Structures are given as structure tokens and as C-alpha cells.
Amino acid sequence: MAKAAGTCRLPIGEALELDPGQDLFARESIEHLVKRYGSPLFIIDAERVRAQYRRLAAALPNVDLYYALKPLPHASVIRTLRDEGAYFDLATNGEVALVERLGVAADRCIHTHPIKRDGDIRTALDYGVTRFVADNPDELRKFVKYRRRASLLIRVSFRSPEAVCDLSKKFGCAPEAVADLLALAAELGIRIEGLSFHVGSQSAGSAMLVHAVGVCRELMRSAASKGQPLTTLDIGGGFPVDYAQASLPIEEFCAPIRAALASMEPGVRVIAEPGRYIAAPAAIAVSSVMGRALRDGRWWYYLDDGLYGSYSGQMYDHARYPVAALKPAGETFPSVLAGPTCDSIDVINEDLELPKLEVGDLVVGRAMGAYTWASASDFNFFPRATVLALDRGHLMQDGRQP
Ligand SMILES: *Cc1c(COP(=O)(O)O)cnc(C)c1O
């Protein structure tokens, strides 16, 4: 199927694409969808979005989950989570516009970018979002003129060398700086509702999260004793998923966090901002072989998607996705999977054992929902993969990308 970048129009809702009981990520389903929509595809399964959300909610009872849009800001994901009763974590005007278009109630959203322009604050306020994040005196002062309409969480930094992506280097104040920020806020008449942190994405274990909860509990006690009670603790994201390397099952990861949260003062509302955990397992990337060459004893397969496209997370997110040929492996050979562009960095994996592939054969990357399509480009004018979002066999794409 021929298509030009960004102009692909898909029939919406009407077509029953697949048997509703059929696993969308199984071989027959993938072959059916490629036959119909061409390659490359980025396939989102709403049922898996739902399953991830429910599993995390069960592992963290009494914690309200705000889906962070950043890893996969796609309408289908937001719609699915909206209907599950989720909350949303926004950071940009584009994200505000997306949830607004989808009719998400503004009081179910928080704005968590620690550094904002006045126009960013105003855009979120105009929509009706009233809770923001700040981590320094200059940012606090930006809220003086909005003090009657907005309240803040103070973002605290906890460095996490063991997380794949340390998110406490660029943002957050030292725990020792919280008292001064609270005092400044009181002086400026700005309401501080609580504390937040993000220990880093794809955390190996929950020790740093547990430590952060403990430190915040003490900071909140100390604030209360000075007459500034804080009522919200935001424990951020970071919940890990299985890639080429397995992670801790989420129940095991969350058990120590639950124990730590049990010692919070009663009346404190605890929220979290999961992104990756909900999005990653919910999408796969399907590409096809454009051409091949035998170089130095290895088969090089050139795919129609690569590091500048859906596999961009290998660069930006340091992820290694489970990637394999769709056809059953018989005899295998040392193989290389490369992307389509003329850049030599555009190689997905140089060290794979694959069956001998022909032009047109399909290759599937799994656990590819988070930080992949979101950061893909059309470098060299290879268009980004066509997004197909399906819910129990139905196409739920709304015809726009996203
Ligand atoms: C990116 C981000 C998240 C999501 O983090 P994950 O590790 O994907 O769960 C949550 N909150 C903030 C503030 C973020 O920047």
C-alpha cells in the first residue's frame, strides 16, 4: 500500500479488523494488518494499555495514577485510560491541547514541568489545570500573579545512578532546600500542596523510591510542625518493564513502596506518574526487509524502520528491545538488522541469530510503546510508521497522527 508521510487516512471504527478474541500481537494478526495497511506499522493494543493500568493500580492500592503522556502521547492511549478513570500528567501546551481535544476533565490533570514560560502556565490554567510543579525560587515567583488560581508541588531531587534514565540531575531541589522554598512560598502567599519526585525511569529496584518516600515523610512532618501542612505526595514514575532484559515483576517492585507509604501521615493523598509501565508493553513495531547483503559473513537486512524512526528509543532512551523475525526460526545465521536511512549509525542490532530472510519478510520489535514513536523522526524523508490503534479487533484510530 503506497502512502505519503502524514497523509495516510484510515477508516475509523467501522471495520472489524480482527476477531475480537484474537491476540493482536500474534503472527496471524500482524500478517493480516500488514497485508491491509502496509509496512512499517506501529501497532497499539488498547487492551494491553488497560491491563497495564489495572495491574499497576492493583500493585499500588490507594495511589492515584496520573498517566505521563510523554512516552506515548497517542489519542488511543488517552481515550482508553480516560475511560478507565485514570488521571493525567501533562508537561507541555501540546499535551494540554491533546487531552482537551479528547474531553479529559481538567481537574483530572496536573502540570509537572518544573520550568515553564508564563504562556505555558496560562495555557494550562485556561484549560482548568490548577496544580503545577516548581523546584526553585524563580519558578515560585512566576506564580505570584496566579496565586489565587494555582497551587504547587515542590519537586525534590533524589539522584538514582541505578536507573537507566536519571531524572533528578536536570530537575528537583535538594531535600535541604525544601524548607527555604516553603518559607518563600508562605511569604509570597503561594499555596504549596505537597512534594513530588521522580527517581529515574526504568529503575532497577525500588530502594531509591522507598528512600525518597521516607525523606519526604520527614520533610512533610517538619512542614506541618511549622504550620504549613502538606497534603499530597507525588512519587513520580520510573516503574520498570521487560525489554531484552527482564525487570522485576511490578508487584515485587511495588511491595516495599506500599510498606513505606503505610507510614505516611493519615490524610496525605499519594499520587504517581507512570508512563513507561503503561505504554511500553502496549505497542509493537512491525517493519519489513527492503533489501539484504552478505557482508563479512553476516547477513545484513535493511528494514523500512530504524533508529531514526520507531527504534529512536535505542538512542534517546537507552533501551534494547526484544526484536525478532516474524517467521518461525529454522536454521539461523549471524545477522544484522539495519534501518533504512543512509546513515551508518542507523543499525538496530549487529549481533542477532535470525533465519534467512527474504525481501518483504517481517521483523517485529516488542515492548516498543514507550519513548519510541514519540521521539521518531522522518530523517532522510523515510516517513514514520503508520500508527494502528486497535481495541478488541476494532480500529480506534481517529484518522489524525496522532
Ligand atoms: C517522563 C516523566 C514521567 C514518566 O516516567 P516513566 O519512567 O516513563 O514512568 C513522569 N513524571 C515526569 C515528571 C516525567 O518527566
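Structural data are supplied above this passage.
Cut-offs applied
Residues numbered from 1 in each chain as written. Predicted model: local features only at pLDDT ≥ 70, side-chain atom pairs only at ≥ 80, totals over all residues. Heavy atoms only, no water. Core = buried A, V, L, I, M, F, W, Y, C linked by side-chain atoms within 4.5 Å. Buried < 20%, exposed > 50% of the residue type's maximum accessible area, 1.4 Å probe, protein only. Helix = DSSP H or I, 4+ residues; strand = E, 2+ residues; numbered from the N terminus. Domains from an automatic or database assignment. Contact = heavy atoms within 4.5 Å. Near = heavy atom within 4 Å. Polar contact = N/O pair within 3.5 Å; in protein donor to acceptor, adjacent residues only side chain to side chain. Areas by Shrake-Rupley, 256 points an atom, 1.4 Å probe, with all protein chains shown as cover. Nonpolar A, V, L, I, M, F, W, Y, C, P; charged D, E, K, R; others polar. Axes fitted to C-alpha atoms, helices over the stretch in contact; angles between N-to-C directions. Parallel < 35°, antiparallel > 145°, perpendicular 65-115°, else oblique.

A.B. asks: Let's hear about the nonpolar core: which residues, and what values?
C.D. replies: Judged by nonpolar contacts, the single largest core of 110 residues is most densely connected at Leu195, Phe197, Leu233, Ile235 and Phe239. Per-element accounting of this core gives the leading share, eight residues, to helix α8 (residues 207–225). Shared between two domains, this core takes at least three residues from each, and those domains are domain 1 (46–279) and domain 2 (281–401). Beyond its immediate sequence surroundings of up to four residues, Phe239 is in contact with Leu56, Leu60, Gln202, Ile250, Phe253, Cys254, Ile257, Ala272, Pro274, Arg276 and Tyr277. Leu18, Tyr37, Ile43 and Leu390 belong to the second largest nonpolar core, which has 17 residues in total.

A.B. asks: Outline the site of the ligand, supporting the account with residue identities and numerical values.
C.D. replies: In the vicinity of the ligand lie 14 residues, with Lys70, Ser201, Glu273, Arg276 and Tyr371 positioned nearest. In the model, an oxygen atom of the ligand is placed 2.4 Å from a nitrogen or oxygen of the Ser201 side chain. Isolated, the ligand exposes 390 Å² of accessible area, and the fraction of that covered by the protein chains is 92%. Grouping the amino acids of the shell around the ligand by side-chain chemistry returns three nonpolar, six polar and five charged.

A.B. asks: Mind laying out the packing of α8 against helix α9 (residues 250–261), listing which residues take part and the relevant values?
C.D. replies: One way to put it is that α8 packs onto α9 with a least axis distance of 9 Å and a crossing angle of 10°. As judged from the angle between their axes, α8 and α9 are roughly parallel. Together, Leu209, Val210, Val213 and Arg217 of α8 and Phe253, Pro256, Ile257, Ala260 and Leu261 of α9 make up the contact between the two elements. Tallied by class, residues from the contact of α8 with α9 come to eight nonpolar, no polar and one charged.

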